Amino acid sequence: MISLSQLHTFALPAYAKRLIRIEDATEPQTIDWQAPFIVLGEGSNTVFVDDYQGVIIQIANKGIEISESTDAYILNVAAGENWHKLVIDCTEQGIYGFENLALIPGTVGAAPVQNIGAYGVEVKDLITSVSGYNIELGEYQTLTAAECQFAYRDSIFKHALLGKFVITSVEFTLTKAWQPQLTYGPLQELNAPSALQVMQAVIAIRSSKLPDPAVEANSGSFFKNPIVPNTLIESLHTQYENMPTYPVCTNTTKLAAGWLIEKAGLKGFKMGGVQVSNKQALVLINTGTATSDDLLAMVAHIQNKVFSQFGVVLEHEVRLVATTGETKVEVAACHK
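What counts, and at which threshold
Residues numbered from 1 in each chain as written. Predicted model: local features only at pLDDT ≥ 70, side-chain atom pairs only at ≥ 80, totals over all residues. Heavy atoms only, no water. Helix = DSSP H or I, 4+ residues; strand = E, 2+ residues; numbered from the N terminus. Rg over C-alpha atoms; globule rule 2.2 N^0.38 Å. Buried < 20%, exposed > 50% of the residue type's maximum accessible area, 1.4 Å probe, protein only. Contact = heavy atoms within 4.5 Å. Areas by Shrake-Rupley, 256 points an atom, 1.4 Å probe, with all protein chains shown as cover. Phe/Tyr/Trp six-rings, centres within 6.5 Å; stacked < 30°, edge-to-face > 60°. Pairing = 2+ DSSP bridges. Axes fitted to C-alpha atoms, helices over the stretch in contact; angles between N-to-C directions.

Attention shifts here to the overall build of the protein. Along the protein, the regular secondary structure elements total six helices and 21 strands. Taking 336 residues into account, the globule formula puts the C-alpha radius of gyration at 20 Å, and the protein, at 20 Å, falls close to it. With the C-alpha coordinates aligned to their principal axes, the bounding extent of the protein is approximately 55 × 55 × 35 Å. Looking at the protein as a whole, 49% of its 336 residues are labelled buried. Nonlocal contacts in the protein, meaning residues at least 24 apart in sequence, comprise 62% of its contacts between residues at least 6 apart. Counting every atom, the protein has about 15,500 Å² of accessible surface; 49% of that belongs to carbon and sulfur.

Here we take up the packing of aromatic side chains. In this description, an aromatic ring pair is defined by two values, namely the gap between the centres and the angle between the planes. Counted by the stated rule, this structure contains twelve aromatic pairs. Aromatic side chains Trp33 and Phe37 sit 4.8 Å apart centroid to centroid with 70 degrees between the ring planes, which places their arrangement in the edge-to-face category. In this structure Trp33 comes out as buried when scored by relative accessible area, which is 10%.

With antiparallel pairing, the five strands of this open sheet are ordered in space as β6-β7-β12-β10-β11. Among the strands making up the open sheet, the edge pair consists of β6 (64-68) and β11 (139-144). Recorded for the sheet is a direction-independent mean angle of 15 degrees between the axes of neighbouring strands. Sheet topology places strand β7 (residues 72-78) next to strand β12 (residues 165-175); seven bridges connect them, and they run antiparallel. Following the sheet pairing, Val77 is matched in β12 by Val170. Running at roughly 150 degrees to β7, helix α1 (residues 83-92) makes contact with β6, β7 and β12 of the sheet.

Structure (structure tokens):
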């Protein structure tokens, strides 16, 4: 049996039957994909809530190829590369566009699955294509950004290609005509910053708000920021005038999940060995004694408390893996 506690940053005790590390993009075609499996990067967005009865496929291939056209840099990056290191290296080399996404944990291959985003930038805006092995067809494919069906923290890899496609590399296009993206939060206070200054500001902001998984075991932002109808926003604003909102389109608006959890009185709240972070209510922390029951109970408690107070359904962004595969915790009140 393979211990999984060091393979996911929430560090719950769990075991799997077998671990396969993919260190070369040609390896997926050699694997027996008949067995139940879970594809894993650095485990920063996955929590094992039980012993897993299948095979862990860990993506660990490396390599970065950089070319350029007259007006852009084109980067082909192996899926196993560390995301934050890529951001730092590119910014320091004068290749700009990633800086708002600094300090997001995980691998490059995980970035398009989740369509990671922060401070007004989503990775879909920078992706040209995603390459990998189609398990169902038994062949390698390259999908355009449009074919990836990106949405808010979502992509085709969570739906039609879930369990059917192993990402081996991602191609990015970064314009040379760089302009800073300063629309979100404290970044608005920056005056004509360089890309390096934007990156440093993002790192400082995230460091002040988000606990380091190496110090306090956590999985980063645990819940998605909910997108709700504007009719609900109008109702909520009568009670909460200072509620932060982010327009999405003419009919919907995004809310800050961390704000909702904090206003529900749950910041710092503890249940067993799991605690809502005192720094950022969006983060759940394993205090060192957490069990899977503690975590699942905490997630359900937060969802139900927020739904009861605001009428807003919170979905967990973190992938929860049980004995036979992924599982979800949902608002109990919605299923009565």
